[in-house]
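# Examination of the molecular architecture
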Amino acid sequence: MTAIVSGLLFALKGIALQIIATTGAKWALERLLFLIGDMIVKSTKTTHDDEWFKDLKERYFKYEDKK
C-alpha cells in the first residue's frame, strides 16, 4: 500500500512540476500554495488559523503589489 501511494505521489509531483514549468511558474506556484493553504485552513474547526491565513494572504499580496 505504501509503495502505491509513494508511486502516485511521485507521478503527481512530476506532472505538477511540468505544469508549473510550462505556465507562469511564479504565478502558478503562489496560486497553488494559497489554494492548498485554503483547503487546509477550511478543514480545521478553529477560526484562529482562518484569521491568520487571511492576514498572511493580504500581507503577501500587498507586498507583491509594491514591487
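This text goes with the structure placed above it.
Report on the accompanying structure. (Residues numbered from 1 in each chain as written. Predicted model: local features only at pLDDT ≥ 70, side-chain atom pairs only at ≥ 80, totals over all residues. Heavy atoms only, no water.)

## Comments concerning the overall build of the protein
Looking only at helices and strands, the protein has 3 helices and 0 strands in total. Reading the protein from its N end, one meets helices and strands in the order α-α-α. Reported as C-alpha extents along the three principal axes, the dimensions of the protein are approximately 40 × 35 × 10 Å. A burial count over the protein gives 13% of its 67 residues as buried. Carbon and sulfur atoms make up 70% of the accessible area of the protein, which totals about 6,000 Å². Of the charged side chains in the protein, 11 are positive and 9 negative; the average position of the first set lies 3 Å away from that of the second. (Helix = DSSP H or I, 4+ residues; strand = E, 2+ residues; numbered from the N terminus. Buried < 20%, exposed > 50% of the residue type's maximum accessible area, 1.4 Å probe, protein only. Areas by Shrake-Rupley, 256 points an atom, 1.4 Å probe, with all protein chains shown as cover. Lys, Arg positive; Asp, Glu negative; His and termini not counted. Charge placed at Lys NZ, Arg CZ, Asp CG, Glu CD.)

## Quick notes on the packing of aromatic side chains
For the coordinates displayed, the defined rule picks out 5 aromatic pairs. Centre to centre, the rings of Phe34 and Phe61 are 5.3 Å apart; their planes meet at 40 degrees, and the pair counts as tilted. Of the two residues, Phe34 is situated in helix H2 (residues 25-43) and Phe61 in helix H3 (residues 48-66); the sequence distance between them amounts to 27 residues. Phe61 gets classed as partly exposed once you look at its relative accessible area, which sits at 24%. Each member of the aromatic cluster is reached from another via a ring pair, and the members are Phe34, Trp52, Phe53, Tyr60 and Phe61. (Phe/Tyr/Trp six-rings, centres within 6.5 Å; stacked < 30°, edge-to-face > 60°.)

## Topic: helix H1 (residues 2-22)
Side chains of residues three or four places apart in an α-helix project in the same direction, reflecting 3.6 residues per turn. In this model H1 runs 30 Å from its N-terminal to its C-terminal C-alpha over 21 residues, within 8% of the 30 Å that 1.5 Å per residue would give. For H1, a buried count of 1 out of 21 residues is recorded, marking the element as mostly open to its surroundings. (Expected span 1.5 Å × (residues − 1).)

## Details of H2
Given a rise of 1.5 Å per residue, 19 residues ought to cover 27 Å, and the 27 Å separating the end C-alpha atoms of H2 matches this to within 8%. By the burial criterion, the buried members of H2 are Ala28, Glu30, Phe34, Gly37 and Val41.

## Digging into a nonpolar patch on the surface
Taken together, Met1, Val5, Leu9, Leu12, Ile15 and Ile19 make up a surface patch of nonpolar side chains, about 640 Å² in accessible area. Mapped onto the secondary structure, Ile19 falls in helix H1. Judged by its relative accessible area of 47%, Ile19 falls in the partly exposed class. (Patch = residues over 30% accessible without salt bridge, like charges linked within 9 Å, V, L, I, M, F, W, Y side chains within 5 Å. Salt bridge = Lys/Arg side-chain N within 4 Å of Asp/Glu carboxyl O.)

Honestly, it's all geometry; don't read function into it.
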